[in-house]
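In case you want the letters, here they are:
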Amino acid sequence: MLNRICALPHFAQSKNVELNINIKLNYMRMKLIGSLKSVFLFALITLTPMQILAQETASPPPPPTNIGDLGPLLETNEKEEAINEYGPAFVEMVQESGVYAPAFDFFTTSMLWTVIAAALVFIMHLGFACLESGLCQAKNTVNILFKNVFIISIGVLTYALWGFNTHYPGDSWIIGGWLALGGSIGDLNADGGSTFSYGGLDLAMTGYGDFIFQSMFAATAATIVSGAVAERIKLGTFMIYATILVGFGYTIAGSWHWGGGWLGSLNGDAGFKDFAGSTVVHAFGGFAALAAVIVLGPRTGKYVNGKVKPILGHSMPLATIGVFLLFLGWFGFNGGSVLSANPGPLGLVFTTTTLAACAGAIAAITVAWIKFGKPDLSMALNGVLAGLVGITANADIVSPIGAITIGAIAGIIMVFSVILFDSVLKIDDPVGAISVHGICGIWGTLACALFDTTDSGYTISGQLIGCLSVCVFAFLFSFALCHILKAIGGIRVTEEEEKMGLDVSEHGQPAYSAVDSLGSEAALKL
């Protein structure tokens, strides 16, 4: 009993120790659970806002290309074969445009119109060849036709080798806004050049479409000069002249306007207005022709004892065909300059171009009939061209009545300008190119400020500064070039060669047989 009593404190002590151990274990367990809860809550509080923020800031994945109504082209049969065997390839072609795929139809239509317009402008070179040949003597026909073949050929090649990138230099200016000399065209389909991203709505064509359209314009400047210097310039000299004029003169002057040059600073924020080139194409060619004619001198027998002796053209039918071809080509010249198939501007430009040409013809016919007492076909033909040149700068911004007025005034100006150069200034221009392209080009450029229906802010002073700058540059460039060529190898054929005719003296090949269809030798005597 005593032993049991003595053992009680030891038992109690053992129980107390066990109790203390349990208490400590429970305490440590609670501490651990509390710590784990704290860690979990900390992670939850910290990471959740970060996940939310990440969701808010992360850019959503790009939406799939909208292929519109092309979905059925991808339908397959039960064997997973395309129902339309050509469908997937077509859809792939559309999807190459990426985000611009919805504009594929408009872009394709615009590109098609661009190459059609380029072909129409190409036809203008045939028109120039026919017009110049018809208004000149039969004995120089082969020479004129040869020059026109050479001009379009060398014009396109030089434009490809350095002209296009000089015309549109981008950031490659040598003298900012004034001078650039570019290299060859390279791969114009690269870097989106074959999709809508090349130029968007304002230039809805591929890089190659842009090049081929503009290259047709480039040769026009030298073609204008060709008619003015006809029947007395050396062929080799002219070929060198045309190459340099088209390759460098035209593209440098054109870069001032269409290449983002200094003319863009005129008229305040509006910039210089010359829609399809009354100044940078036609006036440039006209004043280059004026300089060349001054250096070259008149044809033998044109002015005798201070009086004008007319030298008649040999084929008015050929000249008339040429003008109608030019009229046709001008729909591409002006219509293509819309730079897309945008229906509104395209319809307006076609209409204003037609109205101005017709008004120019009627005005020139009327004034020439009153002046000379008889209806003059050559004045009527040049009246059509005068109206076309006058409307070229402003076809997209004038009303139909404005177009008629511009064309009519151009026709009247042309008649008096031809008389002034021919009879008063004694400047021999066989086809009237200086008056039609040079003088009427100035008028068309100024008309932008007078007949603008868009309130774009074009001013007479701004337009005049831009136009005269191009004209003066063209004149000085051509004048200097002609004098250099004259000093090196001569610029004019001999009087004997001129009398014989350039077909025989330069080419050894007459355009017509010795006996014409009436059995006479009249053709060779003209």
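These numbers come from a predicted model, not from an experiment.

Participant: Pulling in residues and values, what's your account of helix α5 (residues 207-218)?
Facilitator: One full turn of an α-helix is made of 3.6 residues, so residues set three or four places apart face in the same direction. Here α5 spans 17 Å end to end across twelve residues, near enough to the 16 Å set by a 1.5 Å rise per residue. By the criterion of burial, α5 is predominantly enclosed, with ten of the twelve residues buried. Among the residues of α5, Gly207, Gly209, Asp210, Phe211, Phe213, Gln214, Ser215, Met216, Phe217 and Ala218 are the ones counted as buried. The secondary structure elements touched by the buried residues of α5 are α3 (104-135), α4 (141-167), α6 (220-228), α7 (235-257), α8 (278-296) and α9 (316-335).

Participant: Give a description of the state of the cysteines that names residues and reports values.
Facilitator: Counting across every chain of the model gives zero disulfides. Sulfur of Cys471: no disulfide; nearest cysteine sulfur belongs to Cys467 and is 4.1 Å away. The buried category is assigned to Cys471, whose relative accessible area is 3%.

Participant: Can you lay out the pattern of salt bridges for me, pointing to particular residues and giving the numbers?
Facilitator: The full count for this structure, using the stated rule, is five salt bridges. Among the ionic pairs, Lys273 bridges to Asp396, the shortest N-O distance being 2.9 Å. Note that Lys273 is positioned in the loop between α7 and α8 and Asp396 in the loop between α11 (377-392) and α12 (400-424), a separation of 123 residues in sequence. According to the relative accessible area criterion, Lys273 is buried, its value standing at 10%. One network of salt bridges, with partners in common, ties together Glu231, Arg299 and Asp428.

Participant: Run through the side chain of Thr114, naming residues and quoting values.
Facilitator: Within the secondary structure layout, Thr114 lies in helix α3. If we ignore the near neighbours within four places in the chain, the residues touching Thr114 are Ala204, Met205, Gly209 and Phe213.

Participant: Account for the packing of aromatic side chains, naming residues and giving values.
Facilitator: To describe a pair of aromatic rings, one takes the distance between the centres and the angle between the planes. One pass over the full model with this rule turns up 23 aromatic pairs. Judged by centre distance (4.7 Å) and plane angle (10 degrees), the rings of Trp178 and Trp262 are stacked. Note that Trp178 is positioned in the loop between α4 and α5 and Trp262 in the loop between α7 and α8, a separation of 84 residues in sequence. Its relative accessible area of 16% is what places Trp262 among the buried residues. Aromatic side chains Tyr250 and Phe284 sit 6.2 Å apart centroid to centroid with 75 degrees between the ring planes, which places their arrangement in the edge-to-face category. Of the two residues, Tyr250 sits in helix α7 while Phe284 sits in helix α8, which places them 34 residues apart along the sequence. In textbook terms, an aromatic cluster arises when at least three aromatic residues are bridged by ring pairs, as seen for Trp178, Trp256, Trp262, Phe473 and Phe477. Lying across the ring of Phe238, Lys147 places its NZ or CZ 4.9 Å from the centre.

Participant: Mind laying out unusual backbone geometry, listing which residues take part and the relevant values?
Facilitator: Phi is positive for Glu231, close to 80 degrees, though the residue is something other than glycine. Here Glu231 is to be found in the loop between α6 and α7. Residue Glu231 is classed as buried on the basis of its relative accessible area of 1%. Of note in this structure, Asp455 is not a glycine but carries a positive phi near 55 degrees. Tracing the backbone through its elements, the reader meets Asp455 in the loop between α13 (433-451) and α14 (460-489). Residue classification places Asp455 among the exposed positions, given a relative accessible area of 72%.

Participant: Explain the nonpolar core residue by residue, including any values.
Facilitator: The nonpolar side chains of a soluble globular protein tend to be buried, and buried together. Val225, Tyr241, Phe284 and Met414 are the most contacted members of the largest nonpolar core, which has 115 residues in total. Considering each element in turn, this core owes the most residues, twelve residues, to α8. If we skip the residues at most four places from it in the chain, Phe284 touches Ala221, Leu245, Gly249, Tyr250, Ala253, Thr279, Val470, Phe473 and Ala474.

Participant: An account of the packing of α4 against α7 is needed here, citing residue identities and associated values.
Facilitator: To characterise two packed helices, one gives the angle between the axes of the helices and the distance between these axes. Viewed as axis vectors pointing N to C, α4 and α7 meet at an angle of 35 degrees, and their least axial separation amounts to 9 Å. Seen along the crossing, α4 lies across α7 with a hand that is right-handed. The residue inventory of the contact of α4 with α7, partitioned by class, reads 14 nonpolar, eleven polar and one charged.

Participant: Residue-level account of the packing of α11 against α13, with values.
Facilitator: Where α11 contacts α13, the two axes come as close as 8 Å, and the packing angle between them is 40 degrees. Looking at the two axes, α11 sits oblique to α13. In the crossing of α11 with α13, the sense of the turn from one axis to the other is right-handed. For the pair α11 and α13, the contacting residues are Asn382, Leu385, Ala386, Val389 and Gly390 in the first and Val436, His437, Cys440, Gly441 and Gly444 in the second. Of the residues that constitute the contact of α11 with α13, the class distribution is five nonpolar, five polar and no charged.

Participant: Could you give me a rundown of the environment of Ile212, with the residues and numbers involved?
Facilitator: Relative to the helices and strands, Ile212 is located in helix α5. Measuring from C-alpha to C-alpha, the distance between Ile212 and Thr114 comes to 8.9 Å, with 98 residues separating the pair along the chain.

Participant: Go over the environment of Leu355, please, and point to the residues and values.
Facilitator: Structurally, the position occupied by Leu355 is in helix α10 (residues 343-372). On a C-alpha basis, the gap between Leu355 and Gly407 in space is 7.4 Å, while along the polypeptide they are 52 residues apart. The contact partners of Leu355, leaving out residues within four places of it in the chain, are Pro400, Ala403 and Ile404.

Participant: Explain the confidence of the model for the protein chain to me, using residue names and the numbers behind them.
Facilitator: Interpreting fine coordinate detail is not advised for predicted regions of low pLDDT. A residue-level look at the protein chain finds 78% of positions with pLDDT of 70 or above and a mean pLDDT of 86. Below a pLDDT of 50 lies the segment residues 1-15, which in the model reaches zero contacts outside its immediate sequence neighbourhood of four places, other chains included. In this model, residues 517-524 is a region of pLDDT below 50 whose contacts with residues beyond four sequence positions or in other chains number ten contacts.

Participant: Explain a nonpolar patch on the surface residue by residue, including any values.
Facilitator: A surface patch of nonpolar side chains, amounting to about 300 Å² of accessible area, comprises Leu112, Val115, Ile116 and Ile212. Tracing the backbone through its elements, the reader meets Val115 in helix α3. Given the relative accessible area of 34%, Val115 is considered partly exposed.

Definitions and limits used
- Residues numbered from 1 in each chain as written.
- Predicted model: local features only at pLDDT ≥ 70, side-chain atom pairs only at ≥ 80, totals over all residues.
- Heavy atoms only, no water.
- Helix = DSSP H or I, 4+ residues; strand = E, 2+ residues; numbered from the N terminus.
- Expected span 1.5 Å × (residues − 1).
- Buried < 20%, exposed > 50% of the residue type's maximum accessible area, 1.4 Å probe, protein only.
- Contact = heavy atoms within 4.5 Å.
- Disulfide = S-S within 2.5 Å.
- Salt bridge = Lys/Arg side-chain N within 4 Å of Asp/Glu carboxyl O.
- Phe/Tyr/Trp six-rings, centres within 6.5 Å; stacked < 30°, edge-to-face > 60°.
- Lys NZ or Arg CZ within 6 Å of the ring centre and 35° of its normal.
- Core = buried A, V, L, I, M, F, W, Y, C linked by side-chain atoms within 4.5 Å.
- Axes fitted to C-alpha atoms, helices over the stretch in contact; angles between N-to-C directions.
- Left-handed = near helix turned anticlockwise from the far one by under 90°.
- Nonpolar A, V, L, I, M, F, W, Y, C, P; charged D, E, K, R; others polar.
- Parallel < 35°, antiparallel > 145°, perpendicular 65-115°, else oblique.
- pLDDT = per-residue confidence, 0-100.
- Patch = residues over 30% accessible without salt bridge, like charges linked within 9 Å, V, L, I, M, F, W, Y side chains within 5 Å.
- Areas by Shrake-Rupley, 256 points an atom, 1.4 Å probe, with all protein chains shown as cover.

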